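Reading the structure
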Amino acid sequence: MLPFALLGPDDSAAAAGIMAFGCFLWAIIALVGLALIAFQVWLFWRIFAKAGYNGALGLLILLPGIGILIALCILAFGNWPIHQRRD
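Just so it is clear, the model here is predicted, and its values are computed rather than measured. (Residues numbered from 1 in each chain as written. Predicted model: local features only at pLDDT ≥ 70, side-chain atom pairs only at ≥ 80, totals over all residues. Heavy atoms only, no water.)

Concerning a nonpolar patch on the surface
Quick reminder of the rule: A residue counts toward a patch only above 30% relative accessible area and without a salt bridge, and it is joined to like-charged neighbours within 9 Å or, for Val, Leu, Ile, Met, Phe, Trp and Tyr, to nonpolar neighbours within 5 Å. The method behind every accessible area is Shrake-Rupley, applied with a 1.4 Å probe, and residues are considered shielded solely by the protein chains displayed. A carboxyl oxygen of Asp or Glu within 4 Å of a side-chain nitrogen of Lys or Arg is what we treat as a salt bridge. By the criteria applied, helices consist of DSSP H or I runs no shorter than four residues and strands consist of E runs no shorter than two, each listed in order from the N terminus. For the exposure calls, accessible area comes from a 1.4 Å probe over protein chains only, and a residue counts as buried if that area is under 20% of its type's maximum, exposed if over 50%, partly exposed in between.
A contiguous nonpolar surface patch, about 1200 Å² in accessible area, is contributed by F21, F24, L25, I28, L31, V32, L34, L36, I37, W45, L59 and L62. Note that L25 resides in helix 2 (residues 12–51). Since its relative accessible area comes to 38%, L25 is described here as partly exposed.

Right, here's the structure in full:
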């Protein structure tokens, strides 16, 4: 609230501009965050597909908190189907 403390009582246009700029910044942050999440899903999709699993298992990372742990446990401790086909 520091910027608003510097504004006078009739500076509502300036306050509206500051709030609009803040909304714009949050929108940019949200778009970058969504792009990073989409990239991470794509990466895990490719890793699961190369391991011989269904690539859709990459969507597990969308589960909040525990999804990435489940995905990593499947990759680390599971028997990869691609190794079973080779033998």
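Observations concerning helix 3 (residues 67–77)
Condition: It is the directions from the helix axis to the C-beta atoms whose arc is reported. Only heavy atoms matter for contacts: two residues are in contact if any of them lie within 4.5 Å across the pair.
The set of residues buried in helix 3 consists of G67, A71 and L75. Considered in projection along helix 3, the buried side chains sweep an arc of 65 degrees and stay on one side of the axis. Facing away from the buried surface of helix 3 by more than 90 degrees, the exposed residues are A76 and F77. Packing partners of the buried residues in helix 3 comprise helix 2.

What to know about the packing of aromatic side chains
The relative placement of two aromatic rings is captured by the distance of their centres and the angle of their planes. Test applied: Pairing of aromatic rings covers Phe, Tyr and Trp, the last through its six-membered ring, and needs centres within 6.5 Å; plane angles under 30 degrees mean stacked, over 60 mean edge-to-face, and all others mean tilted.
In the structure shown here, the tally under the stated rule is 2 aromatic pairs. With centroids separated by 5.9 Å and ring planes inclined at 80 degrees, the aromatic side chains of F48 and Y53 adopt a geometry described as edge-to-face. The class of Y53 is buried, set by a relative accessible area of 18%.

A few points about the confidence of the model for the protein
Quick note on the threshold: Residue-level confidence of the predictor, termed pLDDT, takes values from 0 up to 100.
In this model, the protein carries a mean pLDDT of 86, and residues with pLDDT of at least 70 account for 85%. Mean pLDDT in the protein bottoms out at helix 1 (residues 2–5), which sits at 56, and peaks at helix 3, which reaches 93.

Topic: the packing of helix 2 against helix 3
Where we set the bar: Axis lines are fitted through C-alpha atoms, for helices just across the contact stretch, and the angle between N-to-C directions can take any value from 0 to 180 degrees. Any angle from 65 to 115 degrees is called roughly perpendicular, while one under 35 is roughly parallel, one over 145 is roughly antiparallel, and all others are oblique. Crossing handedness: left-handed means the near helix sits turned counterclockwise from the far one by under a right angle, and right-handed means the same turn made clockwise. Residue type decides the class: Asp, Glu, Lys and Arg count as charged, Ala, Val, Leu, Ile, Met, Phe, Trp, Tyr, Cys and Pro as nonpolar, and the leftover types, Gly among them, as polar.
Axis separation between helix 2 and helix 3 bottoms out at 11 Å; the angle between their running directions is 20 degrees. With respect to helix 3, the element helix 2 is oriented roughly parallel. The two elements helix 2 and helix 3 meet at a crossing, and its hand is left-handed. Contacts between helix 2 and helix 3 involve Q40, F44, I47, F48 and A51 from the former and I68, A71, L72, I74 and L75 from the latter. In terms of residue class, the contact of helix 2 with helix 3 is made up of 9 nonpolar, 1 polar and no charged.

Describing the nonpolar core
Generally speaking, a soluble globular protein has its nonpolar side chains buried in company with each other. Definition in use: To qualify as a nonpolar core, a set must consist of buried Ala, Val, Leu, Ile, Met, Phe, Trp, Tyr and Cys residues joined through side-chain atoms within 4.5 Å.
V41, F44, F48, A51, Y53, I61, A71 and L75 form the largest nonpolar core, which has 8 residues in total. Contributing elements (two or more residues each) for this core: helix 2 and helix 3. Here this core gets 4 residues from one element, more than from any other, and that element is helix 2. Apart from residues no more than four positions distant in its own chain, L75 is found in contact with F44, I47, F48, A51 and W80.

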